[in-house]
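Here's the letter readout for the chains.
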Amino acid sequence: MNNLEKYLETTKQPVNEVLAGESQYGPEYVNNLIDQALTEGKKVVFIPELTDGIDLGLGRYELQPL
């Protein structure tokens, strides 16, 4: 089982929620966040940043308590 699978099983988050910003940040960045979240017992959350009220797929990631 890889870390993404382990993370998804632990948090029960949908994969599209976790990978929402992967095209913006890259897979290595997201994998590092997943590893950090597993270590710290947190969840990865992508927060969209709206441009003139429109979601253009840009945003930021943060770790939040489970």
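Report on the accompanying structure. Model, not experiment: these values are computed from the prediction. (Residues numbered from 1 in each chain as written. Predicted model: local features only at pLDDT ≥ 70, side-chain atom pairs only at ≥ 80, totals over all residues. Heavy atoms only, no water.)

What about the overall build of the protein chain?
A tally of regular secondary structure across the protein chain gives 4 helices and 2 strands. Moving toward the C terminus, one meets the helices and strands of the protein chain in the order α-α-α-α-β-β. On C-alpha atoms alone, the protein chain measures out to a radius of gyration of 12 Å, which is about the 11 Å that the 2.2 N^0.38 rule sets for 66 residues. The principal-axis extents of the C-alpha atoms in the protein chain amount to approximately 40 × 20 × 15 Å. Out of the 66 residues belonging to the protein chain, those deemed buried represent 24%. Residue pairs at least 24 apart in sequence account for 45% of intrachain contacts in the protein chain once pairs closer than 6 positions are excluded. Surface accessibility of the protein chain: about 4400 Å² in total, with carbon and sulfur atoms responsible for 50%. One finds the centroid of the 5 positive side-chain charges in the protein chain at a distance of 10 Å from the centroid of its 11 negative side-chain charges. (Helix = DSSP H or I, 4+ residues; strand = E, 2+ residues; numbered from the N terminus. Rg over C-alpha atoms; globule rule 2.2 N^0.38 Å. Buried < 20%, exposed > 50% of the residue type's maximum accessible area, 1.4 Å probe, protein only. Contact = heavy atoms within 4.5 Å. Areas by Shrake-Rupley, 256 points an atom, 1.4 Å probe, with all protein chains shown as cover. Lys, Arg positive; Asp, Glu negative; His and termini not counted. Charge placed at Lys NZ, Arg CZ, Asp CG, Glu CD.)

What to know about the pattern of salt bridges
Applying the stated criterion across every chain yields a total of 2 salt bridges. A salt bridge links Lys-42 to Glu-40; the shortest N-O distance between them is 3.6 Å. Residue classification places Glu-40 among the partly exposed residues on the basis of a relative accessible area of 39%. Between Arg-60 and Glu-62 there is a salt bridge, with the nearest N and O atoms lying 2.6 Å from each other. (Salt bridge = Lys/Arg side-chain N within 4 Å of Asp/Glu carboxyl O.)

Here's the deal with helix H1 (residues 3-11)
Owing to its 3.6 residues per turn, the α-helix aligns residues three or four sequence positions apart on the same side. All of the buried residues along H1 are Tyr-7, Leu-8 and Thr-11. Projection of H1 onto a plane perpendicular to its axis shows the buried side chains occupying an angular sector of 95°, all on one side. Each element contacted by the buried residues of H1 is listed here: helix H2 (15-18), helix H4 (27-40) and strand E1 (42-51). Remark: Lys-12 follows H1 within two positions and exhibits a positive phi of approximately 65°. (Arc of directions from axis to C-beta.)

Describing unusual backbone geometry
Residues other than glycine seldom take positive phi values, yet Lys-12 does so here, at roughly 65°. Turning to its location among the elements, Lys-12 is positioned in the loop between H1 and H2. Using a relative accessible area of 64% as the deciding quantity, one classes Lys-12 as exposed.

Observations regarding the pairing of E1
Of the strand pairs in this sheet, E1 and strand E2 (residues 54-65) are connected by 9 bridges, and their pairing is antiparallel. Looking at the pairing, Lys-42 lines up with Pro-65 of E2. (Pairing = 2+ DSSP bridges.)

Shape descriptors only; they carry no functional weight alone.
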